[in-house]
Amino acid sequence: MNTNPTNNTTTIEFDDAIVRKFMIASIFWGLVGLGVGVLIATQLNYWQMNGKFLEWITFGWLKSEGVEFLTFGRLRPLHTNAAIFAFVGNMMFAGVYYSTQRLCRARMASDLLSKINFWGWQFIIVCAAISLPAGYTRGKEYAELIWPINILVAVIWLVFAANFFWTLAIRRERSLYVGLWFYIATIVTITLLYVVNHLSIPTSFTHSYPIFGGVQDALVQWWYGHNAVAFFLTTPMLGIMYYFVPKSVNRPVYSYRLSIIHFWSLVFIYIWAGPHHLLNTSLPEWLQSLGMIFSLMLWAPSWAGMLNGLLTLRGAWDKLLTDPVVKFFAAAVTFYGMATFEGPLLSIKSVNALSHYTDWTVGHVHSGTLGWNGFLAAGMFYWLAPRLWNTKLHSTAMANAHFWMGMVGILLYVASMWVSGITQGLMLNATTDNGTLLKYPDFLETLQAIKPVMLFRAIGGGLYLFGFGLMAYNIWKTARNGEPANGTIEVPQPEPEGSDEPRKLGIFAYLNAPVIYSLLIVFFVCLTIFGDGGLFLFGLLMTIFLVIAAMAHFEACKVQWTKWYERLLDHSFAFTVLTLIAAAIGGAIQIIPTVTVQRADNIEGRIQVPYTPLELAGRDIYVSEGCYNCHSQMIRTMVPEVLRYGDYSHLGEFVYDFPYQWGSKRTGPDLAREGGKRSDDWHFYHMLDPRSVSPGSNMPSYPWLFEKEIKVSQLPNKINAMRMLGVPYPIDLSEEDIQAQVDEQAETIVKGLAEKGAFTEPDREIVALIAYLQKLGAYREAGEKVDPAEAQQESELTSIN
């Protein structure tokens, strides 16, 4: 910072070095994440791509039926984490660091915190890239990282937050611009979501159990999972959109008022929508209805934001023909609109019955990630690169080629997923004319039907990856042609006083009409949701009355309301607190009643039989291998599902599942009633060579399960943790008892296998996995009197189905 005494100004040099670093990191990790995505897409067509292909490309030097580090189950979390936290995360930091300095007219408060943020985040990504293929996972989608990495994420996120809010505190621009609102919402809400969903009890340095189990875990997970999309992949991108789209066409945002409506309605409504990921399951009905209603309400704010972004380009549509930046931005905002139209559509219960567990949902997610996030990142990078290296973009033609290659790639990908998902959904739900028999009883039939379509998924992903590679090369050449340059700005010295009105206000100053209306409307909405009969009607009428009254009051006092809001924007702390309250209400109303209810009161007549030590070890192997990425353990309350898999799943059947395993995609059949359905030797051969017992299966082979030993020494700590979580293991269960139970059950399984000609040692992982699979679906009727001392006896050592 330099002071010029001649004109009484100060020159501030922005820290754009950190922006360059995050941008380069985003492109690098984007290539990695997309490359892994293409690999796992091919695995869904060709099981050999799970490691067998290494034998071919090394001309037989490396012989293996499969490589444990390359299976779909382990690489899929790597792909999702790389795309979300590495690619989009670094892109987000680049956009936030660049725009925040300009919007605050101040350099970031601390260069040191910026560097810790950058290097800490990259270290986390490297840790994830090593641990996930190695099988270290928490078994929860988008939250797979093990607990030491979780703590690192929280620390680095707080470093970022401290730097951001410190910069807001020293800003030279009095009012908070729209983009900053969305950054604030991102920071506070992600902190809340991440902490709650990652609460765990460690059992070792690489393993832990979540403190929530069964339906509680499912609800908390999708409260987090849905809102990770909302507040990590959407709100920071909207902040970036509100800064970079107007910059790219040198025009103001179309409507400031629309921005206000977009922000507050999005922040308030989004957090309620998580349960729509659990429709038709054993989640309580009121939560399913709540998730569906608020998901449908999301149409309004989402499209308000899309229209505001697109209409900002008004008068500059001619640039679509010549400027790749505008082209990418226009396409990104359009994809945002498409994805936010499709999302509520899929949350309608009847539509969800068809789409859930199929590729339709996968296509929906990728249209948002590739179209909205990916294209917005490309537009921002093409706009930033010439400015960060003080030169021209190396090749506009190459950027245009990237655009069309990416567009064709996305359309191929999404269209194939629509066709695949709807086809499989219709086949799985099809029954014969009288509705009592399945038309396609063999799950593999549906997989064979969609295989040709799935090939287009890999081709589309490959095209998108190739286009992204073009961008990487283009920006590398741009950087080579220029020199790193930091932006500067002249600001008056001393700082301007701005308005004569006081900057500090008491808490009662915020209890103005808009805030009071909002609080009352939320209260009566809750009364409507939870009330019955007259209370429901009263809540509904009061909600309608207050909405009308607020609109009329606003029209009568428009100027005064605007003045109140401008005051709020002067105070970042008050704005942050109100944002946190708006975002937290929905989550609190859904989660607190569910996680505080006594499990014994909410089991729908059945209660799960606890796992034996060997079965618990097998369950951890199942989670470690990422089996939940292809198999669910939730039979929904739908006739075709009951016909295909057995009686629908009840709440009490998961009370001892830490983490829950309901899954979100079925590349293979549901396993909720798998226990006792098939013989031990069937599972033995199914894991050794799936095609030997399931011709046409695309499941990987798992030869390492027959070589690796069960980690029995870890079981005492795991059982202690389970006991803390409420699982009724005997308090006096010693290490010797655990070893004895493991040996006894393993010997029984191995002996039975040997009688069928399948030979293995009792201490191998395959034995524990078979024990777990044979226990799935075991439960007791509620009210059945069981002597705790007998609970660990022989009757529980085998499946009771």
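Rules used in this analysis
Residues numbered from 1 in each chain as written. Predicted model: local features only at pLDDT ≥ 70, side-chain atom pairs only at ≥ 80, totals over all residues. Heavy atoms only, no water. Helix = DSSP H or I, 4+ residues; strand = E, 2+ residues; numbered from the N terminus. Rg over C-alpha atoms; globule rule 2.2 N^0.38 Å. Contact = heavy atoms within 4.5 Å. Lys, Arg positive; Asp, Glu negative; His and termini not counted. Charge placed at Lys NZ, Arg CZ, Asp CG, Glu CD. Domains from an automatic or database assignment. Buried < 20%, exposed > 50% of the residue type's maximum accessible area, 1.4 Å probe, protein only. Polar contact = N/O pair within 3.5 Å; in protein donor to acceptor, adjacent residues only side chain to side chain. UniProt positions renumbered as here; feature names shortened; annotations may be inferred. Axes fitted to C-alpha atoms, helices over the stretch in contact; angles between N-to-C directions. Parallel < 35°, antiparallel > 145°, perpendicular 65-115°, else oblique. Nonpolar A, V, L, I, M, F, W, Y, C, P; charged D, E, K, R; others polar. Pairing = 2+ DSSP bridges. Phe/Tyr/Trp six-rings, centres within 6.5 Å; stacked < 30°, edge-to-face > 60°.

**Student:** How would you summarise the overall build of the chain if you had to cite specific residues and measurements?
**Tutor:** When helices and strands are tallied, the chain shows 28 helices and seven strands. Computed over C-alpha atoms, the radius of gyration of the chain comes to 28 Å, within 12% of the 28 Å expected from 2.2 N^0.38 for 801 residues, which places it in the range of a compact globule. A principal-axis box enclosing the C-alpha atoms of the chain has dimensions of 95 × 70 × 55 Å. Within the chain, residue pairs in contact and separated by at least 24 positions form 82% of the contacts whose partners lie at least 6 positions apart. Averaged over its 55 positive side-chain charges, the chain has a centre that lies 12 Å from the centre of its 62 negative ones.

**Student:** Break down the domain arrangement of the chain for me, citing the residues and quoting the values.
**Tutor:** For the chain, the assigned domains read domain 1 (14-489), domain 2 (516-570) and domain 3 (605-781). Centre-to-centre separation of domain 2 and domain 3, based on C-alpha positions: 51 Å.

**Student:** Describe the environment of R666, and please don't skip the residues or the numbers.
**Tutor:** Relative to the elements of secondary structure, R666 occurs in the loop between α23 (639-645) and α24 (680-688). Note on R666: relative accessible area 3%, which makes it buried. For the pair R666 and P236, spaced 430 residues apart in sequence, the C-alpha separation works out to 31 Å. Apart from the residues within four sequence positions on either side, R666 is in contact with Y357, Q424, F443, C630, S632, M634, R636, E641 and Y645. A polar contact is formed between the side chain of R666 and the backbone oxygen of M634, at a distance of 2.7 Å. Engagement of the side chain of R666 in a polar contact is seen with the side chain of D670, the distance being 2.9 Å.

**Student:** Help me get a handle on the UniProt feature "binding site: heme b 1; low-spin" (unreviewed entry) in the chain, residues and values and all.
**Tutor:** Under the present numbering, the feature "binding site: heme b 1; low-spin" (unreviewed entry) in UniProt falls on H79 and H366. The greatest C-alpha distance among the residues just named is 12.1 Å, despite their covering 288 residues of sequence, which places them together in space. With respect to the helices and strands, H79 occurs in helix α3 (residues 72-104). H79 gets classed as buried once you look at its relative accessible area, which sits at 12%. Apart from residues lying up to four places away in sequence, H79 is in contact with G33, V36, G37, I40 and H366. In this structure the side chain of H79 is engaged in a polar contact, spanning 3.5 Å, whose partner is the backbone nitrogen of G37. With respect to the helices and strands, H366 occurs in helix α15 (residues 359-388). Classification of H366 as buried rests on a relative accessible area of 17%. Excluding its chain neighbours within four sequence positions, the residues that come into contact with H366 are H79, G371 and Y413.

**Student:** Pulling in residues and values, what's your account of the environment of P301?
**Tutor:** Tracing the sequence through the fold places P301 in helix α11 (residues 299-312). C-alpha separation for the pair P301 and Y270, spaced 31 residues apart in sequence, amounts to 9.5 Å. Residues contacting P301, with those up to four places away along its chain left out, are H262, S265, L266 and I269.

**Student:** Provide a residue-level description of the packing of α15 against helix α17 (residues 443-481), including the pertinent values.
**Tutor:** Running from amino to carboxyl end, α15 crosses α17 at an angle of 10°, the nearest separation of the two axes being 11 Å. One element, α15, and the other, α17, form an angle in the roughly parallel class. Every residue of α17 that contacts α15 at D359, V362, L370, G374, F375, A378, F381, Y382, A385 and P386 is listed here: I450, M454, R457, Y464, M471, N474, I475 and T478. Grouping the amino acids of the contact of α15 with α17 by side-chain chemistry returns 13 nonpolar, three polar and two charged.

**Student:** How would you explain the UniProt feature "binding site: Cu cation" (unreviewed entry) in the chain if you had to name every residue and give the values?
**Tutor:** Mapped onto this structure's residue numbering, the UniProt feature "binding site: Cu cation" (unreviewed entry) falls at H226, H276 and H277. Considering the C-alpha atoms alone, the annotated residues occupy 52 residues of sequence yet fold into one spot, their largest mutual distance being 9.0 Å. By secondary structure assignment, the location of H226 is in helix α7 (residues 214-232). Excluding its chain neighbours within four sequence positions, the residues that come into contact with H226 are Y270, A273, G274, H276, H277 and L298. With respect to the helices and strands, the residue H277 is situated in the loop between α9 (256-270) and α10 (285-297).

**Student:** Any chance you could break down the pairing of strand β5 (residues 488-492) for me, citing the residues and the numbers?
**Tutor:** Alternating residues of β5 divide into I489 and V491, all buried, and T488, E490 and P492, none buried. Bridging between strand β2 (residues 9-13) and β5 involves five bridges; their strand directions are antiparallel. Bridge pairing in β5 links I12 to I489.

**Student:** Residue-level account of the environment of W662, with values.
**Tutor:** Tracing the backbone through its elements, the reader meets W662 in the loop between α23 and α24. The spacing of W662 and I635 is 27 residues in sequence and 8.8 Å in space, taken between C-alpha atoms. Once residues lying within four places of it in the same chain are set aside, the contact partners of W662 are G214, V215, A218, L278, T281, S282, L283, Y357, S632, Q633, M634 and F654.

**Student:** Mind laying out the packing of aromatic side chains, listing which residues take part and the relevant values?
**Tutor:** Evaluation of the coordinates by the stated rule reveals 57 aromatic pairs. Considering the side-chain rings of F22 and F93, the 5.0 Å spacing of their centres and the 35° angle between planes classify their relative orientation as tilted. Placement of the pair is F22 in helix α1 (residues 17-43) and F93 in helix α3, with a sequence separation of 71 residues. As far as burial versus exposure is concerned, F22 and F93 are alike and both buried. Taking 6.4 Å as the distance between ring centres and 45° as the angle between the ring planes, the aromatic pair formed by W121 and W157 counts as tilted.

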